[in-house]
Amino acid sequence: MFFRKKNKLSEIDMENLPKHIGVIMDGNGRWAKKRGLPRSAGHQAGADTLKKIVTECNNIGIKYITVYAFSTENWKRPKEEVDFLMNLLLSYLRDSERTLAKENVVIRAIGGREELTEEIQEQIKKTEEFTKNNTGIVMNIALNYGSREELVRAARILAERSKSGEINPEDITEDMISAELYTGGQPDPDLIIRTSYELRLSNFMMWQSAYSELYFTKTLWPDFSVNDLHNAIIEYQSRNRRYGGV
Ligand code: IPE
Ligand code: IPE
Ligand code: MG
């Protein structure tokens, strides 16, 4: 006897989609450990999940997705794991020219570039250039990304502009700060999903998430399915976003 899994897609209100989804892809290591595999196997499986989820977001009509791939704090991990993650990201970017780029996805990297190898920096430029005229979902890969670093960087840019007399410090607005973040020009995330049930942001989009709806699930990132994505969107659509009003 076969039971077809109920398709949740029909329950999504297409008129009320989140414009921008942030994803903290967590739990790769635990996923691998449960299977007696090295952590790297979890990261590899996580990369496959990412491809699937971006494709589905694009198909549904989500305009922006920001995925947390490597934080400014992740350099603390053993060198072997850091090296593996960097290689995985490099091949992900390379492969995306044949995969996501063909699906009309615009791929961008956000985060500090200088700490990355020359090879990765070159590949980022290439992938960004290759996909910049696409018209589908914009995918920000947060790579060596940290919200505090991002805000320090914005503060420095505005300080330089004040120093040169271009702007007055008292004229600095929230919009001017937003504009100097890596996500400048993009809408703030409406929904932030974190897998593996760690209930924190871990330095992810702190400024941009001021009014994001947060969704935490016990599912580990490699297991996160298209159906789980639909559930998160359905839950988001049931929330009452008051923005401080009544
Ligand atoms: C998320 O999975 C991927 C990165 C942070 C690069 P983790 O590697 O943090 O997996 P856990 O949290 O140890 O299970
Ligand atoms: C956050 O996950 C970073 C990414 C998902 C890339 P971590 O696993 O690094 O976060 P903590 O250490 O549990 O806060
Ligand atoms: Mg983790």
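Heads up: the structure comes first, above all this text.
What comes next concerns the included structure. Since the model is a prediction, treat every value here as computed from it, not as a measurement.

### Focus on the overall build of the protein chain
Along its length, the protein chain carries seven helices and six strands. Beginning at the N terminus, the succession of helices and strands in the protein chain can be written as β-α-α-β-α-β-α-β-α-α-β-β-α. Computed over its C-alpha atoms, the radius of gyration of the protein chain comes to 19 Å, within 12% of the 18 Å expected for a compact globule of 246 residues. Along the longest, intermediate and shortest principal axes, the C-alpha atoms of the protein chain span 75 × 50 × 35 Å. Across the 246 residues in the protein chain, those meeting the buried criterion constitute 48%. When contacts within the protein chain are restricted to residue pairs at least 6 apart in sequence, those whose partners lie at least 24 apart make up 78%. Working note: accessible area of the protein chain is about 13,300 Å², and carbon and sulfur atoms make up 51% of it. Both charge centroids of the protein chain, one from 35 positive and one from 36 negative side chains, sit 6 Å from each other.

### Some words on the site of ligand 2
Every residue near ligand 2 is listed here: I24, M25, D26, Y68, A69, F70, N74, R77, R194, R200 and S202. In this structure, S202 approaches ligand 2 through a side-chain N or O atom, which is 2.6 Å from an oxygen atom. In isolation ligand 2 offers 390 Å² of accessible surface; the protein chains occlude 78% of this area. A majority-of-atoms criterion places ligand 2 in the largest pocket. Counting residues per element, the shell around ligand 2 draws most heavily on strand β2 (residues 64–71), at three residues. Here the shell around ligand 2 is built from residues that sort into five nonpolar, two polar and four charged.

### Here we look at the sheet that holds strand β1 (residues 20–24)
One open sheet accounts for six strands, arranged β3-β4-β2-β1-β5-β6; its pairing is parallel. Across the chains shown, the open sheet's two edge strands, defined by having one partner strand only, are β3 (106–110) and β6 (213–216). Between one strand and the next, the sheet's axes are offset by a mean angle of 20 degrees, whatever the strand orientation. Pairing between β1 and β2: five bridges, direction parallel. Looking at β2, one finds that G22 is bridged to T66. Here helix α3 (residues 79–96) sits on the sheet and contacts β2, β3 and β4 (138–145); the angle it forms with β4, its principal contact strand, is near 160 degrees. The sheet strands contacting helix α4 (residues 118–131) are β3 and β4, and the helix crosses β3 at an angle near 145 degrees.

### Describing the layout of surface pockets
Within this model, the largest pocket holds a volume of roughly 670 Å³. Taken together, 29 residues form the lining of the largest pocket, with M25, D26, A69, N74 and R77 sitting closest to its centre. Counting only elements with at least two residues in the lining of the largest pocket, the list comes to α1 (28–34), α2 (39–60), β2 and α3. Ranked by residue count, the leading element in the lining of the largest pocket is α2, at five residues. Partitioned by chemical class, the residues of the lining of the largest pocket number 13 nonpolar, eight polar and eight charged. Quantified by volume, the second largest pocket comes out at close to 210 Å³. Lining the second largest pocket are 13 residues, and of these D188, W207, Q208, A210 and Y211 lie nearest its centre. Considering only residue class, the lining of the second largest pocket consists of five nonpolar, three polar and five charged.

Cut-offs used in this document
Residues numbered from 1 in each chain as written. Chains lettered and ligands numbered in written order. Predicted model: local features only at pLDDT ≥ 70, side-chain atom pairs only at ≥ 80, totals over all residues. Heavy atoms only, no water. Helix = DSSP H or I, 4+ residues; strand = E, 2+ residues; numbered from the N terminus. Rg over C-alpha atoms; globule rule 2.2 N^0.38 Å. Buried < 20%, exposed > 50% of the residue type's maximum accessible area, 1.4 Å probe, protein only. Contact = heavy atoms within 4.5 Å. Areas by Shrake-Rupley, 256 points an atom, 1.4 Å probe, with all protein chains shown as cover. Lys, Arg positive; Asp, Glu negative; His and termini not counted. Charge placed at Lys NZ, Arg CZ, Asp CG, Glu CD. Near = heavy atom within 4 Å. Polar contact = N/O pair within 3.5 Å; in protein donor to acceptor, adjacent residues only side chain to side chain. 1 Å grid on protein atoms, 1.4 Å probe; cavity = no way out; pocket = protein on both sides within 12 Å on 5 of 7 lines; lining within 4 Å. Sits in = over half its atoms within 2 Å of the grid points. Nonpolar A, V, L, I, M, F, W, Y, C, P; charged D, E, K, R; others polar. Pairing = 2+ DSSP bridges. Axes fitted to C-alpha atoms, helices over the stretch in contact; angles between N-to-C directions. Points joined across faces, edges and corners; volume = space filled by probe spheres on them.

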